[in-house]
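Inside the fold
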Amino acid sequence: MEKESLKLLNKGEEDEMELHGYRLCRWRLALVGLGVLCTGGFLLLLLYWMPEWCVKSTCTRTTARDAEVVLLQTTDEFRRWFLAKVRVMLAPGSNPFHSLETQTTSTSSPSSPSRPFSSPMSPPLANGHTPHPSDGSPAQELVKRYADYQPSQIRYFTFHSTKYYWSDAKQNFEFLNGLEDLQLSCSKVHSEHSRGLNQNQQEYRRLFFGMNDIAVKVPSVFKLLIKEVLNPFYIFQLFSVILWSADEYYFYAMAIVLMSVISIATSLYTIKKQYIMLHDMVAAHSIVRVSVCRANNDIDEVLSTDLVPGDVMVIPSNGTIMPCDAVLISGTCIVNESMLTGESVPVTKTNLPNPLGSGDRLDSECAFNTEEHKRHTLFCGTDIIQTRFYTGELVKAVVVRTGFSTAKGQLVRSILYPKPTDFKLYRDAYLFLLCLVGVAGIGFIYTIILSVMKKVPAGTIVIESLDIITITVPPALPAAMTAGIMYARRRLKQIGIFCISPQRINICGQINLVCFDKTGTLTEDGLDLWGVQRVENGRFHLSEETAYKENLVKSQFVACMATCHSLTKIEGQLSGDPLDLKMFEATGWILEEATEEETSLHNRIMPTVVRPPKQLLPQDVSISAEQDMELYELSPAYEIGVVRQFPFSSALQRMSVVVRLLGEKRMDAYMKGAPEVVASLCKKDTVPANFADILEDYTKEGFRVIALAHRRLESKLSWHKVQNINRDHIEKNMEFLGLIIMQNKLKTETPGVLKDLQQAHIRTVMVTGDNMLTAISVARDCGMIPPQDTVIIADALSPHDGQSARIKWRYADRPCKSTRLEEINISLEDVCHGNKTQEQFHFAMNGKSFAVIAEHFPDMLQKLVLHGTVFARMAPDQKTQLIETLQGVDYYVGMCGDGANDCGALKRAHGGISLSELEASVASPFTSRTPNISCVPSLIREGRAALITSFCVFKFMALYSIIQYISVTLLYSISSNLGDFQFLFIDIAIILLIVFTMSLNPAWTELVSRRPPSGLISVPLLFSVLAQIIICLGFQTVAFLWVKEQPWYTVWSPMSDVCNKSSHFSDLNHTEIDEHNIKNFENTSVFYVSSFQYLIVAIVFSKGKPFRQPSYKNWPFVVSTLVLYIFLFFIMFYPIDTIDEFLEIVCVPFDWRIKLLLVIGVNAVVSVIMESFILDIVLWKLVFSRDRQSSFGVIPAAPTPQGMFDLRAYKCLARLCCPHKRIPKARYMHLAQELSVDPDWPPKPTTTTEAKPYPESGSNFHIGKTL
């Protein structure tokens, strides 16, 4: 039963889950109900918090097919549990893509492919379910309309806004994605789905796919309140308030209630505001009226919410916001996809090619996919700016996906249901709280035993023993922990960095590697044309500064520059890719597009024409002066019309166009793209022999090089054939025309920022889609690769011709000096051999090699990323894969990109920073208004400050609990306690004031070379907390015991007169009896000492340099601390009866106050010495320091004199404390340690690493010498 009922949902996907089937068990449900009554409802709360317990306690296991409830568990590292109720609906058919007329009238077998989501008909109450239509009356009408057909029972459940339907064919639940589920070929999209659906088919499909609406429901305040109040922390607070009220601590209970109400109200306001913002963002333009084509060729106006996959919608000529994902089947659209990609450059979308129409049967078998055919797909939420349509045709698109299945819907789902933040700090915080609960348990047992021995009444025992638990877990802890993050968020906003995921700020404090996109991030957005180098007869001409010349105006080279682009005119202005814009402007040509009225007169051609200015056209010398003007007007103009455009593809690294010169019968094809790709598609005799050398020279100097090519097409290719031909038939046997050299300048801030990061021992990596040698050159120019360092290029080849995959190693350039390659190492620096000469090296590879290595050399990939600095020609998904690989070796990875093609990597990184302020920044945790990388060190500094603040606050709150715990435990021994207003003064006046001001320290002004610890469970932090606990325990105990040794000490009573205030006896005679024994000398002494201890540990824990500004610059904290010190000293040495009566403290002799001052002073000195000297200098720097990253393959910074002293002391202490070699925790450090003793690492040039299909000795590759 276990194996049979366990299923995998979304197998292989990011949201993969295990599914367990359960059926409701009545007797178990009755037992649970009884348990809820017996526990006063607490069991119900427990089952609410633990869904797996809820299901397992009330249900029995069954198969997934018969399940009434499914229990889902994610397969990621978090292993979260969810439950969902299985529902049953009746539908007139079982397959949403079948016509109702073709549905069978009898029950199909369970495995019938025609009924993938059906279940065999059973009685109306089969399996305890009541079948019902999914959408109410429309479904009932549909069932009645097709009453002759036997209705099907469709089993489904909804999870995270997605419906999963039971499939008898696959014996599992599956979700309906849309038209892609049919695995349609491109030709079938045209032949079978271009006519549209009738109204019945549309309603029928809507039963399965639901409304086309990305519904972000804003929960009511009541629902949010219930969910917030049922948080375990607030339940604990409610328990505490009830307990304190029973103990007559009304004022403190009211204060806690007030704090909780404020906290809940603030939380509700924030959550509600976020829901409203997301709802408004999604709802904007999401419901529009659209025109759809029906199967009978009619056109209906419907709401966009009624669209279903398979509908054919007409794209209006004046543009619209796409309400769904659809594929163009006729016409052309110009689209702004900034909502998805972050790139505001308009993109041209062309109609999906119909291979069958062009007679290409092989390509017709290629299945349509939105990712593969994204140049033909209009995505939900994108803005259609313009459309191009032709005689008798409308611009049509077939709806592919709707609702949450669309690209926009998936983005909204990722925001609505994010993965929890996995950070050691938060995991350690829970462990630390469990430790506090353990301490509370000890106090609980101690209190019970002590009270029983003193024969205290049972009611008092219960209240006091439970009270010790409420004291140990501080009620203000959550608010205190988030204060530092909120302050950091506010400071980031002030410097132009906006954050949508505040919890990521702390994680940014741990970043030790940052990946940068190149173009637009490290370098300027704009490209300048540096020059051109034409090719004729297979030889390069000398480079020329410009192509704006009369003798070149009719050349193929200039024609390619003028036509091979995706530029368009929007409101009379040229718009498009910056590279295309610079290239076209360099020609001086004019681009003309037909108006809407003119396009209706054209046949099926692309209505775009380019022509040179008249002043560049040579005059015909044979024309006489008298006839010149007349014949000039009659002579045909030199114009080129663009017939077909194959848009640029990052996967293919090229784009091409088919054009026709006005007056010519045959057409031409022009192509531009990456030089290596273009050259490989050209005839070999047209590519110069020195092509590779010329290209290498340009790329080494940091230029961006684009290659051009041309081909004269066959005369048999007609206009209509060209519209449906595959680009592979055009992009072959080209003639190489030459190179365009573009200059991409570094941003002025780039070198300085990278230098700061390297000095802080933060690795920098370049991830770009540009040429590798260009990327290496830019990496050297900006300082990412120092001039003296060696760059080793890894060229990986996939298996072919029976040969296994292999990697060839070579130098990117010759080393600046002759060195033996064996000296290159990434060794773990041995402190005993600190003078060993090292030569640094870096790996570089392109996207193709990265893919081969990831597939065939997974172990090698982890070693390569240890020193991989340049990753070129990387596709968007490869950027994400690189981030994951770096995280797999325990790097904390930051990613900085301009938003274009970086969205996946920005989301995956620990700290993703988008330099684009467009809507795509919703996908990035951070967005910078400053369009350069100076935001990166600012974010890391603020992250470190916030992280240290979190540590300080957590340590302070832990000490606050323990100090109060010690005070109460000591007073319990004499049947006393702290008074109600004493608790109130401590918790409100001291703790809240201090905790919210100690978090205000700004970040330190520069990045230092070490990182703060990542978790609370670390030796330095535990040592700090335990040391201060022992100190506080010791001095409180001294005060508690010492007061009893004083000669004036007696058991306090209202008649006591140790301060010689006999004049007040008459008033004291009427004083009420102190039932709780609050007023006594021990209480007063412990209260004074503990109150000062809170302030002492606050000052001691409020760390400044090197991660935060010194505390004396935090004036609210300084003022608060001084005011509290003055107030405490005042009431201690100048007692005022009103204050003493309010705080329930008693008068003690002046000499005892002096002794208490001595105790407090010694306590402060010991605490400061322990934290600031012993911990910070002796232990933290010399024993616990873990960030000596230079020992693990990271470039070491120049040592300071203090650093040299630390290193010598470190060696001595290391020999004493750690005689064995320390094994690093981080995976990348461990790898560096392994590679330091590997004689074959790094791989040497002229060697090849081959993959072995059957690895021996656990290795799947070997290195061989190439002769």
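Preceding this section is the structure that the text describes.
For the structure given in this document, a descriptive report is provided here. Note that the structure is a prediction, hence the values are computed from the model and not measured. (Residues numbered from 1 in each chain as written. Predicted model: local features only at pLDDT ≥ 70, side-chain atom pairs only at ≥ 80, totals over all residues. Heavy atoms only, no water.)

**Regarding the overall build of the protein chain**
Our working definition: A run of H or I in DSSP becomes a helix once it reaches four residues, and a run of E becomes a strand once it reaches two; helices and strands are each numbered from the N terminus. Only protein chains enter the accessibility calculation, which uses a 1.4 Å probe; a residue whose area is less than 20% of its type maximum is buried, one above 50% is exposed, and one in between is partly exposed. By the convention used here, residues are in contact when the closest approach between their heavy atoms is within 4.5 Å.
From N to C terminus, the protein chain includes 41 helices and 43 strands. Looking at the protein chain as a whole, 54% of its 1267 residues are labelled buried. Restricting to contacts in the protein chain with at least 6 residues of sequence separation, those with at least 24 account for 75%.

**A few points about the nonpolar core**
Quick note on the threshold: Remark: nonpolar core denotes a set of buried residues (Ala, Val, Leu, Ile, Met, Phe, Trp, Tyr, Cys) joined through side-chain atoms within 4.5 Å.
One finds Phe 956, Met 957, Leu 959, Ile 990, Ile 991 and Ile 994 to be the most contacted residues of the largest nonpolar core, which totals 83 residues. Sequence-distant contacts of Ile 994, that is, excluding residues within four places in its chain, are made with Phe 956, Leu 1095, Ala 1098, Phe 1117, Thr 1121 and Leu 1124.

**Remarks on the pairing of strand 31 (residues 668-673)**
The condition is simple: Any two strands with at least two DSSP-identified bridges between them are counted as paired.
By the criterion of burial, strand 31 is predominantly enclosed, with six of the six residues buried. Residues Asp 668, Tyr 670 and Lys 672 of strand 31 are buried on one face, and the alternating residues Ala 669, Met 671 and Gly 673, pointing to the opposite face, are buried as well. Of the strand pairs in this sheet, strand 30 (residues 654-661) and strand 31 are connected by six bridges, and their pairing is antiparallel. Note on strand 31: the bridge partner recorded for Val 659 is Asp 668.

**Let's talk about the packing of aromatic side chains**
Quick reminder of the rule: Aromatic pairs are defined between Phe, Tyr and Trp rings, using the six-membered ring for Trp, whenever the two ring centres lie within 6.5 Å; interplanar angles under 30 degrees are classed as stacked, those over 60 as edge-to-face, and all others as tilted.
If you walk through the whole model with that rule in mind, you get 33 aromatic pairs. Look at Trp 530 and Tyr 698: their rings are 5.9 Å apart centre to centre, the planes differ by 70°, and that puts the pair in the edge-to-face class. Residue Trp 530 is found in strand 23 (residues 528-536), and its partner Tyr 698 is found in helix 23 (residues 691-700); the two are separated by 168 residues along the sequence. We classify Trp 530 as partly exposed; its relative accessible area is 35%. On the basis of an interplanar angle of 55° and a centroid distance of 6.1 Å, the ring pair of Phe 985 and Phe 1087 is categorised as tilted.

**Some remarks on the sheet that holds strand 15 (residues 325-330)**
For clarity, the cut-off: Axis angles are defined between N-to-C directions and span 0 to 180 degrees, where every axis is a line fitted to C-alpha atoms and, for a helix, only to the segment in contact.
Strand order in this open sheet of six strands is 12-11-13-20-15-18, and the pairing throughout is antiparallel. Whereas interior strands pair on both sides, the edge strands pair on one side only; in this sheet they are strand 12 (299-303) and strand 18 (377-378). Of the strand pairs in this sheet, strand 13 (residues 312-314) and strand 20 (residues 396-401) are connected by three bridges, and their pairing is antiparallel. Counted as the bridge partner of Val 314 is Lys 396 from strand 20. Running over the sheet, helix 6 (residues 186-193) touches strand 13, strand 15 and strand 20 and is turned about 80° from strand 15.

**What to know about the environment of Ser 543**
For Ser 543, the location among the structural elements is in the loop between strand 24 (539-540) and helix 18 (556-563). By relative accessible area, which is 40% here, Ser 543 ends up partly exposed. In this structure, the C-alpha to C-alpha distance between Ser 543 and Ile 741, residues 198 residues apart in sequence, is 9.3 Å.

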